[in-house]
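Tertiary structure, described
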Amino acid sequence: MEAAQPADRVPADSTPPDGQPPVAPAGATAVPEGEPALVGPAGAPGAAPPDGLAETGEHPAPPPAVDTRKSERSPKDMAISLLVLLIPIALLLAFYRGFLGGDQPTTVDPAPALESARAANAFPVSEPVELGDGWRPVSANFQTVEGGSSLRLGYLTPEGRGAQLVQSSVPPERLLPTELTAEGQPQGQTELGGRTWQRYTARGNEQALVLLEPNRTVIVAGDARDNELRHLAGAIR
């Protein structure tokens, strides 16, 4: 015969008899049928750690701190940076001007253009002689155009201004509007080297001296001063 059991003793085996539903252990909260079981938060006591952390025991590193301070440069820093950029540029300009002659205009030899004009025999060809120091030829060109041929010699005057000598067989009524534009207007006559020249206004701030001959028209024009244009016209031989 078995010994008598206390009235409040809970059987150790909770397996129900055959055909009976399982019995929840004492202290457990019953979940109503049809509702999901509540899962506690990850950090709650007794909650299972995320996958992988239970095995390694490691925790994810916190995100890096964001520096909210603005990166601002002072005017002194900006001035230093600008100075660092300007110094090499200034050195290059000094080298270009001092050693490579960067301020000096490129001069040309007008002889080939003069020879071509003489060989064409389209008109009597003249050239300036004894212009003096400071006069530099910077362009020379001879070409045949519709209605005749033209020789152009460009000079830089001692004052650094431009002057051009044009000799052409193109009729004056076509040549003058092309060279002096519609702004060219006669301004009277002047005597230079024993020849009578016509004074004209020209494009912009330019002025011109025009010599009309039977076989050619000679024009001295540019933004040079009047005395320099007269000197160039008087030197033509």
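Values in this document were obtained by computation on a predicted structure and should not be read as measured data.

Sheet architecture is open: seven strands sit in the order S1-S2-S3-S7-S6-S5-S4, paired in antiparallel fashion. Every interior strand has two partners, whereas the edge strands, strand S1 (136-145) and strand S4 (186-192), have only one. Taken over all neighbouring pairs, the strand axes of this sheet differ in orientation by 20 degrees on average, direction set aside. Across nine bridges, S1 lies against strand S2 (residues 148-156) in antiparallel orientation. Looking at S2, one finds that Phe142 is bridged to Leu151. Against the sheet, helix H4 (residues 172-180) makes contact with S2, strand S3 (162-168), strand S5 (195-201), strand S6 (207-212) and strand S7 (217-222), and its axis sits at roughly 10 degrees relative to S7, the strand it touches most.

Let us now look at the confidence of the model for the chain. Per-residue confidence for the chain averages 79 on the pLDDT scale, and 65% of its residues sit at or above 70. Low pLDDT (under 50) marks residues 36-44, which in the prediction has four contacts with non-local residues, meaning those over four places away or in another chain.

Here we take up the side chain of Glu179. Mapped onto the secondary structure, Glu179 falls in helix H4. A distance of 2.5 Å separates a polar atom in the side chain of Glu179 from a polar atom in the side chain of Arg152. Sequence-distant contacts of Glu179, that is, excluding residues within four places in its chain, are made with Arg152, Val166, Arg203 and Ile219.

This part is about the nonpolar core. Among the nonpolar cores identified, the biggest contains 25 residues, and Leu151, Trp197, Leu209, Val220 and Leu232 are the most heavily contacted of them. Apart from residues no more than four positions distant in its own chain, Leu232 is found in contact with Pro128, Leu131, Trp135, Tyr155, Ala163 and Val220. In terms of nonpolar packing, the next biggest core, distinct from the first, is built from eleven residues, Val170, Leu180, Tyr200 and Val210 among them.

In an α-helix, one full turn covers 3.6 residues, which means residues spaced three or four apart are oriented alike. Of the residues making up H4, those classed as buried are Leu175, Leu176, Glu179 and Leu180. Each buried residue of H4 lies within a common arc of 95 degrees when the element is viewed along its axis, so the set occupies one face. The exposed residues of H4 that point more than 90 degrees off its buried face are Glu173 and Thr178. Of the surrounding secondary structure, the elements contacted by the buried residues of H4 are S2, S3, S5, S6 and S7. One or two residues past the end of H4 sits Thr181, with phi positive at roughly 65 degrees.

Now for the side chain of Thr190. Counting through the fold element by element, Thr190 comes out in strand S4. Here Thr190 falls in the buried class, since its relative accessible area comes to 9%. Not counting the four nearest positions on each side in its chain, Thr190 is found in contact with Arg195, Thr196, Trp197, Arg199, Leu209 and Arg230.

Side chains bearing opposite charge may pair, as long as their charged atoms lie close to each other. Applying the stated rule across the entire model yields six salt bridges. Measuring nitrogen to oxygen at the nearest pair gives 3.8 Å for the salt bridge that ties Glu206 to Arg203. On the basis of relative accessible area, Glu206 is assigned to the partly exposed category, the value being 24%. Residue classification places Arg203 among the partly exposed positions, given a relative accessible area of 35%.

Two faces make up the sheet, and in a regular strand the side chains alternate between them. Among the nine residues in S2, eight count as buried, and that is most of the element. In this structure, S2 lies alongside S3, joined through seven bridges in antiparallel fashion. Counterpart to Gly154 in the pairing with S3 is Gln164. Remark: five residues form the turn of the hairpin made by S2 and S3, two consecutive strands paired antiparallel; Gly160 in that turn has positive phi of roughly 80 degrees.

Definitions and cut-offs
Residues numbered from 1 in each chain as written. Predicted model: local features only at pLDDT ≥ 70, side-chain atom pairs only at ≥ 80, totals over all residues. Heavy atoms only, no water. Pairing = 2+ DSSP bridges. Helix = DSSP H or I, 4+ residues; strand = E, 2+ residues; numbered from the N terminus. Axes fitted to C-alpha atoms, helices over the stretch in contact; angles between N-to-C directions. Contact = heavy atoms within 4.5 Å. pLDDT = per-residue confidence, 0-100. Polar contact = N/O pair within 3.5 Å; in protein donor to acceptor, adjacent residues only side chain to side chain. Core = buried A, V, L, I, M, F, W, Y, C linked by side-chain atoms within 4.5 Å. Buried < 20%, exposed > 50% of the residue type's maximum accessible area, 1.4 Å probe, protein only. Arc of directions from axis to C-beta. Salt bridge = Lys/Arg side-chain N within 4 Å of Asp/Glu carboxyl O.

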